[in-house]
Amino acid sequence: MSTPDMTYYATAAAMNAAQPGLSTDARAIMMFEVNKKEVCVAYALWFFLGYFGAHNFYLKRTGIAVVQLLLTLTIVGLAITFFWHFVDAFLIPGWARRENTLLAWTLGAVPVAR
């Protein structure tokens, strides 16, 4: 289990212990709705701040976002980022779906804390 997965696990376990009146399923659904990634938000970030990698930061692709940001700050890298920016437009829905699937799996894997 990776570090982000453990963080989600710890957060979800803490939420289970903090709200005794809700069922585990209700807590998991609430946590999913609060933390899910929206494709519309990712596209808005891509459109306005895409050259700086904002949509990648939002979709938890931090390494790619930092590279895209650094490339944008250079003249030669800006040419590379220009094409990269348009390719990302076709890949955003899959990345958002992957993040939401990982979140759902993580929240569903949390045992009941009693």
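Let me sum up the structure you'll find in this document. Here the structure is a predicted model, which means the values were calculated and not measured. (Residues numbered from 1 in each chain as written. Predicted model: local features only at pLDDT ≥ 70, side-chain atom pairs only at ≥ 80, totals over all residues. Heavy atoms only, no water.)

Re the pattern of salt bridges
Turning to step 1, where the next piece is worked out: Tallied over the full model, the rule gives three salt bridges.
Turning to step 2, where the next piece is worked out: Across the salt bridge formed by E38 and K36, the nearest N and O atoms sit 3.7 Å from each other.
Turning to step 3, where the next piece is worked out: In this structure, a network of salt bridges that share partners links the residues E33, K36 and E38. (Salt bridge = Lys/Arg side-chain N within 4 Å of Asp/Glu carboxyl O.)

Some details on the nonpolar core
Turning to step 1, where the next piece is worked out: Judged by nonpolar contacts, A42, W46, L59, A89, I92, W95 and A96 together constitute the single largest core of seven residues.
Turning to step 2, where the next piece is worked out: For this core, the secondary structure elements donating two or more residues are α3 (39-49) and α6 (75-108).
Turning to step 3, where the next piece is worked out: Examining the composition of this core, we find that four residues originate from one element, α6, more than from any other.
Turning to step 4, where the next piece is worked out: The residues contacting W46, other than those within four sequence positions of it, are H55, H85, D88, A89 and I92. (Core = buried A, V, L, I, M, F, W, Y, C linked by side-chain atoms within 4.5 Å. Buried < 20%, exposed > 50% of the residue type's maximum accessible area, 1.4 Å probe, protein only. Helix = DSSP H or I, 4+ residues; strand = E, 2+ residues; numbered from the N terminus. Contact = heavy atoms within 4.5 Å.)

Comments concerning the packing of α3 against α6
Turning to step 1, where the next piece is worked out: One way to put it is that α3 packs onto α6 with a least axis distance of 10 Å and a crossing angle of 160°. By the angle between their axes, α3 is roughly antiparallel relative to α6. Here α3 runs over α6; the crossing is right-handed. From α3, V39, A42, Y43 and W46 reach across to α6, where they touch H85, D88, A89, I92, P93 and A96. (Axes fitted to C-alpha atoms, helices over the stretch in contact; angles between N-to-C directions. Parallel < 35°, antiparallel > 145°, perpendicular 65-115°, else oblique. Left-handed = near helix turned anticlockwise from the far one by under 90°.)

Examining unusual backbone geometry
Most peptide bonds take the trans form, and the phi angle of most residues other than glycine is negative.
Turning to step 1, where the next piece is worked out: Even without being glycine, K60 reaches a positive phi, approximately 60°.
Turning to step 2, where the next piece is worked out: Assignment of secondary structure puts K60 in the loop between α4 (54-58) and α5 (62-72).
Turning to step 3, where the next piece is worked out: Taking the relative accessible area as the measure of exposure, K60 reaches 39% and is therefore partly exposed.

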